Amino acid sequence: MRSLADDAARLFEGARSVAVLTGSGMSQESGVPTFRDAQTGLWARYDPAELATPEAFERHPARVFGWYLWRWKVARAAKPHSGYYALAELGQAVPRFVIITQNVDGLHRRAGSEEVVELHGSLERFRCAAAGHPYDAELLEGLAADSQGEVEPPRCHRCSSPIRPGVVWFGEPLPAEALDRAWRAAQECDLFLVVGTSGLVYPAAELPWVALRQGARLIDINPSPTPFSPRADLWWNDTAGAALPELARAVAAISSKR
Ligand code: APR
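This one's a predicted model, so the numbers in the text were calculated from it and none came from an experiment.

Draft legend 1. Focus on the domain arrangement of the protein chain. Once the domains are mapped, the protein chain shows domain 1 (1-32 + 80-120 + 174-258) and domain 2 (33-77 + 123-167). Once you take the C-alpha centre of each, domain 1 and domain 2 turn out to be 29 Å apart. Each partner contributes to the interface: domain 1 provides 10 residues, whereas domain 2 provides 13 residues. In this assembly, domain 1 packs against domain 2 so that about 940 Å² is buried in total across both faces, 49% of it on carbon and sulfur atoms. Considering only the side of domain 1, the residues that lose the most area to domain 2 are V32, V104 and R110, jointly responsible for 48% of the buried surface there. Across the contact surface, domain 1 and domain 2 share 1 salt bridge.

Here you go:
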């Protein structure tokens, strides 16, 4: 009886260019709360979508900046689970392997993946609101939150505008260079892997359709069905932390028999 891992490994066989789109489900087993998870503690009373906007930062800079500092600290304390290392290993087995992530926690890079496109930016990067002057995150280490978790954003040394997180807020354009790399990877791949995304937020959610339209095979790894599952060559209804290491082992087993 062939397993899902065997079926997925056969789709990998012969692929020369693989693109992967990951969403917050990829980080779930590393303990990074997904964007829509109920916020905890001081942040439980806020709707994330109301904090992740330029208008919210304009109106309540200390609240928004404090929330991102908290999220950045949670992400830094998190450890990549075995699924991340499996993706880094699979990346070595294929001539071209591009990870496109909607996540801002930096876990793919920390697990050793080389080509990572951060569509929604990163919690690890900060810049000033007016001119995008980079701001060294090390300078934020000593900042203490008040009893509400709020932190007044520091000012840019060059233009005195407030410092903001280097993530894409609702209503903001995605970084053009990242979008271009992601689109090219989807247009040129033989195989597209979708891991841990509900496929509801565009333009990222368009990428699997771009790959399918040009003839790529599609694997959807998600314990719940997504808009991609019915069109996938394989819907692997399991978690990232369970499926990806099994896939890496099955791909290694096939290549060792060659
Ligand atoms: N392994 C794999 N998938 C999982 C796991 C897991 N352990 N746990 C949950 N999932 C799946 C869920 O079934 C769901 O389909 O991950 C998906 C998470 O979906 P969302 O919470 O909508 O996250 P995401 O798709 O990344 O959202 C996209 O929208 O909220 C904005 O900017 C934010 O980048 C985010 C974007």
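Draft legend 2. The arrangement of the sheet that holds strand β6 (residues 163-167) in detail. Read across the sheet, 3 strands follow the order β5-β4-β6 without closing on themselves; strand pairing throughout is antiparallel. In this open sheet, the two strands that pair with only one neighbour each are β5 (134-135) and β6. As paired strands, strand β4 (residues 121-128) and β5 are joined by 2 bridges and run antiparallel to one another. Across the sheet, the residue bridging to R127 is P134, located in β5. Along the sheet, helix α5 (residues 61-77) contacts β4 and β6; its crossing angle with β4, the most-contacted strand, is approximately 140°.

Draft legend 3. Quick peek at the packing of helix α1 (residues 4-12) against helix α10 (residues 240-257). Interhelical geometry of α1 versus α10 gives an angle of 60° and a closest axis separation of 8 Å. Relative to α10, the element α1 lies oblique. Handedness of the crossing formed by α1 with α10: right-handed. Residue-level contacts link A5, D6, A8, A9, R10 and F12 of α1 to E246, L247, A250, V251 and I254 of α10. Partitioned by chemical class, the residues of the contact of α1 with α10 number 8 nonpolar, no polar and 3 charged.

Draft legend 4. View of unusual backbone geometry. For the bond from Y202 to P203, the omega torsion is 5°, close enough to zero to count as cis. For P203, the position within the fold is in the loop between β7 (191-195) and α9 (207-213). Even without a glycine there, the phi angle at S160 is positive, about 65°. In this fold, S160 is placed in the loop between β5 and β6.

Draft legend 5. Representation of the environment of E150 within the structure. Here E150 shows up in the loop between β5 and β6. Spatially, the C-alpha atoms of E150 and S160 are 20 Å apart, while their sequence positions differ by 10 residues. In contact with E150, other than residues within four places in its own chain, are Y46, A62, R63, G66, A144 and A145.

Draft legend 6. A look at the side chain of S122. Inspection of the secondary structure assignment puts S122 in strand β4. A relative accessible area of 0% places S122 in the buried class. Dropping the residues within four chain positions of it, S122 is found in contact with V104, G166 and V167.

Draft legend 7. Geometry of the nonpolar core. Residues F12, L87, F97, L193 and L244 are the most contacted members of the largest nonpolar core, which totals 35 residues. Counting only elements with at least two residues in this core, the list comes to α1, β1 (17-22), α6 (82-92), β2 (96-101), β7, β8 (217-221), β9 (234-236) and α10. At 8 residues, α10 tops the list of elements feeding residues into this core. In this structure, F97 is in contact with F12, V18, V20, L87, L90, G91 and E115, ignoring residues within four places of it in sequence.

Draft legend 8. A look at the environment of Y84. Take Y84: it is sitting in helix α6. Y84 gets classed as buried once you look at its relative accessible area, which sits at 0%. Residues Y84 and S27 lie 57 residues apart in sequence; the distance between their C-alpha atoms is 8.9 Å. Not counting chain neighbours up to four residues away, the residues in contact with Y84 comprise M26, S27, S30, D105, L107, H108 and A111. At 3.4 Å, the side chain of Y84 and the backbone oxygen of M26 are in polar contact.

What counts and what doesn't
Along each chain, the written sequence defines residue order, and numbers are assigned to residues from 1. Totals for whole chains, interfaces and linings use all residues, but because this is a predicted model, local features are given only for residues with pLDDT of at least 70 and pairs of side-chain atoms are given and counted only at 80 or more. As a rule here, side-chain values cover all heavy atoms of the structure and leave hydrogens and water aside. Domain delimitation follows an automatic or database domain assignment. Any two residues whose heavy atoms approach within 4.5 Å are treated as being in contact. As a working definition, buried area equals the accessible area (1.4 Å probe) given up by two parts on being put together, with both sides summed. By definition, a salt bridge exists where a carboxyl oxygen of Asp or Glu is found within 4 Å of a side-chain nitrogen of Lys or Arg. Strands pair, by our definition, only if DSSP identifies at least two bridges between them. Only DSSP runs of H or I covering at least 4 residues are called helices, and only runs of E covering at least 2 are called strands; the numbering of each starts at the N terminus. Only the stretch in contact is used when a helix axis is fitted, and all axes are lines through C-alpha atoms; the angle between N-to-C directions ranges over 0 to 180 degrees. For classification, angles of less than 35 degrees are called roughly parallel, those exceeding 145 degrees roughly antiparallel, those between 65 and 115 degrees roughly perpendicular, and all remaining angles oblique. Each crossing gets its handedness from the near helix: less than a right angle anticlockwise from the far helix is left-handed, clockwise is right-handed. Nonpolar residues are Ala, Val, Leu, Ile, Met, Phe, Trp, Tyr, Cys and Pro. Charged residues are Asp, Glu, Lys and Arg, and all others, Gly as well, are polar. Accessibility here uses a 1.4 Å probe with only protein chains present; expressed as a share of the type maximum, an area under 20% marks a residue as buried, one over 50% as exposed, and anything in between as partly exposed. We define the nonpolar core as a collection of buried residues of types Ala, Val, Leu, Ile, Met, Phe, Trp, Tyr and Cys that are connected through side-chain atoms lying within 4.5 Å of one another. Two N or O atoms form a polar contact when they lie within 3.5 Å of each other; inside protein one atom must be a possible hydrogen donor and the other a possible acceptor, and for residues adjacent in sequence the pair counts only when both atoms belong to side chains.

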